[in-house]
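Here is how the chains run, residue by residue.
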Amino acid sequence: MAVSSDPSSPILLFDSGVGGLSVLAEIRKLLPDAPVIYAADNAGLPYGTKSEAQIAARVSGLLGRMTERFAPRLVCIACNTASTIALGMVRDVLEIPVVGTVPAIKPAATFTRTGTIGLLGTEATIRQAYVDRLEREFASDKHLLRAAAPELVEAAESLLRGNPVNRAIIADAAQKLRGMPGGEKIDTVVLACTHFPLLENELGEAFGADVRFVHGAQGIARRIASLTSGQMFERAGPDFALFTRDEASCGTLASALARNGLMRMDVF
Ligand code: DGL
């Protein structure tokens, strides 16, 4: 596997939209000097309602072209939907390390006291065999309840563009899990979509104080730090975001990106 010796070679962080910012925040804590390009396939958003074939083609095509253009040292797919479908394929075509984001069922299984875990993801994620495998491997003695909450993707996108969160939408998402048989016993919820930690406070109010949320962002940041350990980092210029569709007119989004150290928005 190729290892970058160029200290300005970036980490390329990829999501369908702003969800990957929840992962970027954790990467910043461990690797503050790492140059980052944040890539959002907003022209393809939402991924959660697309077919496996559509997602696999988009993700591997875009990451192939972005890698050719920007020569990153590592790619992180900061998206559960894309990772559970296309991680293997992307690893096959790129010659650099590729870190994925998969539902945090393993830690959730160690945290639950009631033995009932909820999982909120996109429609595409919750039906993946990858998730079945994680359940079999790490939570076979637990009760895992899965629900799709595509409206939370939209709510997180809207929040980052300065719009207030509609609490009824959050309450509905919580009720999807709570309303399932055994749902009242849920004490741990896997946020299996990178958009959802951006709504963790609101979800906390909807589920109540006894529920703990688990997601993969910290683990991903640790994995990236370990894979790049010993490498030099030096920014050649400010970090920036790439969007597959022009969003240049949204000043609130630009400010949210700037708070994450992404100082301009380019179109790819
Ligand atoms: N952020 C993505 C994930 O983690 C999905 C959002 C979408 O539906 O595009 O699954």
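Everything numeric in this text was worked out from a predicted model, so none of it was measured.

Here is what the cut-offs are and how they apply
Residues numbered from 1 in each chain as written. Predicted model: local features only at pLDDT ≥ 70, side-chain atom pairs only at ≥ 80, totals over all residues. Heavy atoms only, no water. Helix = DSSP H or I, 4+ residues; strand = E, 2+ residues; numbered from the N terminus. 1 Å grid on protein atoms, 1.4 Å probe; cavity = no way out; pocket = protein on both sides within 12 Å on 5 of 7 lines; lining within 4 Å. Points joined across faces, edges and corners; volume = space filled by probe spheres on them. Nonpolar A, V, L, I, M, F, W, Y, C, P; charged D, E, K, R; others polar. Core = buried A, V, L, I, M, F, W, Y, C linked by side-chain atoms within 4.5 Å. Buried < 20%, exposed > 50% of the residue type's maximum accessible area, 1.4 Å probe, protein only. Near = heavy atom within 4 Å. Polar contact = N/O pair within 3.5 Å; in protein donor to acceptor, adjacent residues only side chain to side chain. Areas by Shrake-Rupley, 256 points an atom, 1.4 Å probe, with all protein chains shown as cover. Sits in = over half its atoms within 2 Å of the grid points.

Visitor: Is there a simple way to think about unusual backbone geometry in this case?
Guide: With the exception of glycine, most residues fall at negative phi, and the peptide bonds are largely trans. With an omega dihedral of 0°, the bond running from Leu-45 to Pro-46 counts as a cis peptide bond. Mapping Pro-46 onto the fold places it in the loop between β2 (36-40) and α2 (52-70). Of note, Ala-71 is a non-glycine position whose phi angle comes to about 45°, a positive value. For Ala-71, the location among the structural elements is in the loop between α2 and β3 (74-77).

Visitor: Before we go on, may I ask you to explain the layout of surface pockets in this structure?
Guide: Empty space left among the atoms is revealed by rolling a probe the size of a water molecule over them. By volume, the largest pocket amounts to about 570 Å³. What lines the largest pocket is a set of 25 residues, among which Val-102, Ala-104, Pro-107, Gly-216 and Gly-219 lie closest to the centre. Contributions of two or more residues to the lining of the largest pocket are made by α4 (105-111), α6 (129-138), β8 (212-214) and α10 (217-227). Broken down by element, the lining of the largest pocket gets its largest block of residues, 5 residues, from α10. When grouped by side-chain class, the residues that make up the lining of the largest pocket number 13 nonpolar, 6 polar and 6 charged.

Visitor: How should I be thinking about the nonpolar core in this particular structure?
Guide: Within soluble globular proteins, side chains that are nonpolar generally end up buried alongside one another. Core analysis: the largest hydrophobic core is formed by 29 residues, its most contacted members being Leu-13, Leu-21, Val-23, Cys-76 and Ile-224. Among the elements of the structure, β1 (11-15), α1 (21-30), β2, β3, α10, β9 (240-243) and α11 (251-259) are those that each provide at least two residues to this core. Residues Met-66, Ala-82, Leu-87 and Ile-96 belong to the second largest nonpolar core, which totals 26 residues.

Visitor: Could you clarify how one ought to interpret the site of the ligand in this entry?
Guide: Surveying the vicinity of the ligand reveals 14 residues, the closest of which are Ser-16, Tyr-47, Asn-80, Thr-81 and His-195. Asn-80 is positioned with one of its backbone polar atoms (N or O) 2.8 Å from an oxygen atom of the ligand. In the environment of the ligand, an oxygen atom lies 2.8 Å from a nitrogen or oxygen atom belonging to the backbone of Thr-194. Burial of the ligand by the protein chains amounts to 99% of its free accessible area of 300 Å². Comparing atom positions with the cavity grids shows the ligand to sit within the second largest cavity.

Visitor: Would you mind showing me how to read empty space enclosed by the protein here?
Guide: With the rule as written, the count across this model stands at 2 cavities of 30 Å³ or more. Estimates place the volume of the largest cavity at around 80 Å³. In this structure, the largest cavity is lined by 15 residues; those nearest its centre are Thr-101, Thr-194, His-215, Gly-216 and Ala-217. Elements with a minimum of two residues in the lining of the largest cavity: α1 and α10. Here the residues of the lining of the largest cavity are counted per class, giving 9 nonpolar, 6 polar and no charged. Each pocket or cavity is described by its volume, and for the second largest cavity that value is around 60 Å³. Forming the walls of the second largest cavity are 13 residues, and the residues nearest its centre are Ser-16, Thr-81, Thr-122, Cys-193 and His-195. A breakdown of the residues in the lining of the second largest cavity according to their chemical character gives 6 nonpolar, 6 polar and 1 charged.

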